[in-house]
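Spelled out from the first residue to the last, the chains are:
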Amino acid sequence: MPAADPNGVIKQAYDLRLVKLDPISSPDPTSGSPIQYLIYGTLLVQKEDGTYEPGLAKKATITDTQTITVDLQDNLKFSDGTTLDSAAAKASIERIVATNKVGTFRMAELGQIASIDTPTPSQFVIKLKTPIAGSFYNLLAHNETLITKPGSTTLDTQPIGAGPFKLDSFQAEQSLKLVKNPTYFQADQVKIAGVEFVQAVAG
């Protein structure tokens, strides 16, 4: 297999009509999530066989049936250079919970969060009201736990995340261009310069 072109850009057809870049603005769980994952990254990455591997989280451990402990990767940065820590993760998840958007997020599981503790800047602990840690764990790989920069109010036009790419431009119903995020914790493993989504109606 030939080496990836470091200046190359992957182009993909995508229906951009309903895409929102702020997770809480999405009308449903699928319309923009693949793009959001590239911008914000996910705590865990779910593989095709259903198992999980580290993402922004170095590890996530079910310590008992009502508790999940998440350890973040070292020295995480948002795309604007500010630090992503456990406080940012807590604020982001609580922001999503507060929307109570049943059609977009799995609120049955999110509604079971009793508290999120931040014992250290690199660790947070999710305490649940009922023993559903096994089913809640999956949310760490999806849009229910995407981490956005706390206090950001323009995420739909200026998203600030810690994923492998960041927004370059977005022309509604035309194209959306992402470029490599140099602050991504595994930027050396991103072998291309960007991704471009070109408008195409599904089907």
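Structural data are supplied above this passage.
Residues numbered from 1 in each chain as written. Predicted model: local features only at pLDDT ≥ 70, side-chain atom pairs only at ≥ 80, totals over all residues. Heavy atoms only, no water.

1. Here we look at the sheet that holds strand β4 (residues 57-64)
If you trace the 4 strands from one edge of the open sheet to the other, you get β4-β5-β7-β6, paired in antiparallel fashion. Sheet topology places β4 and β6 (113-120) at the edges, where each strand pairs with a single neighbour. Strand-to-strand twist in this sheet, taken as the mean axis angle between neighbours without regard to direction, amounts to 20°. Relative to strand β7 (residues 123-128), strand β5 (residues 67-72) is paired through 5 bridges, and the arrangement is antiparallel. The residue of β7 that forms the bridge with D71 is Q123. Strands β5, β6 and β7 of the sheet are contacted by helix α2 (residues 86-99), whose axis makes an angle of about 165° with β6. (Pairing = 2+ DSSP bridges. Helix = DSSP H or I, 4+ residues; strand = E, 2+ residues; numbered from the N terminus. Axes fitted to C-alpha atoms, helices over the stretch in contact; angles between N-to-C directions. Contact = heavy atoms within 4.5 Å.)

2. Considering the side chain of T42
Mapped onto the elements, T42 comes out in the loop between α1 (33-40) and β2 (44-46). The exposure class of T42 is buried, given its relative accessible area of 12%. Of note is the side chain of T42, whose polar atom sits 2.7 Å from the backbone oxygen of L44. Setting aside its immediate chain neighbours within four residues, T42 contacts Y37, G55, L56, L140, A141 and L146. (Buried < 20%, exposed > 50% of the residue type's maximum accessible area, 1.4 Å probe, protein only. Polar contact = N/O pair within 3.5 Å; in protein donor to acceptor, adjacent residues only side chain to side chain.)

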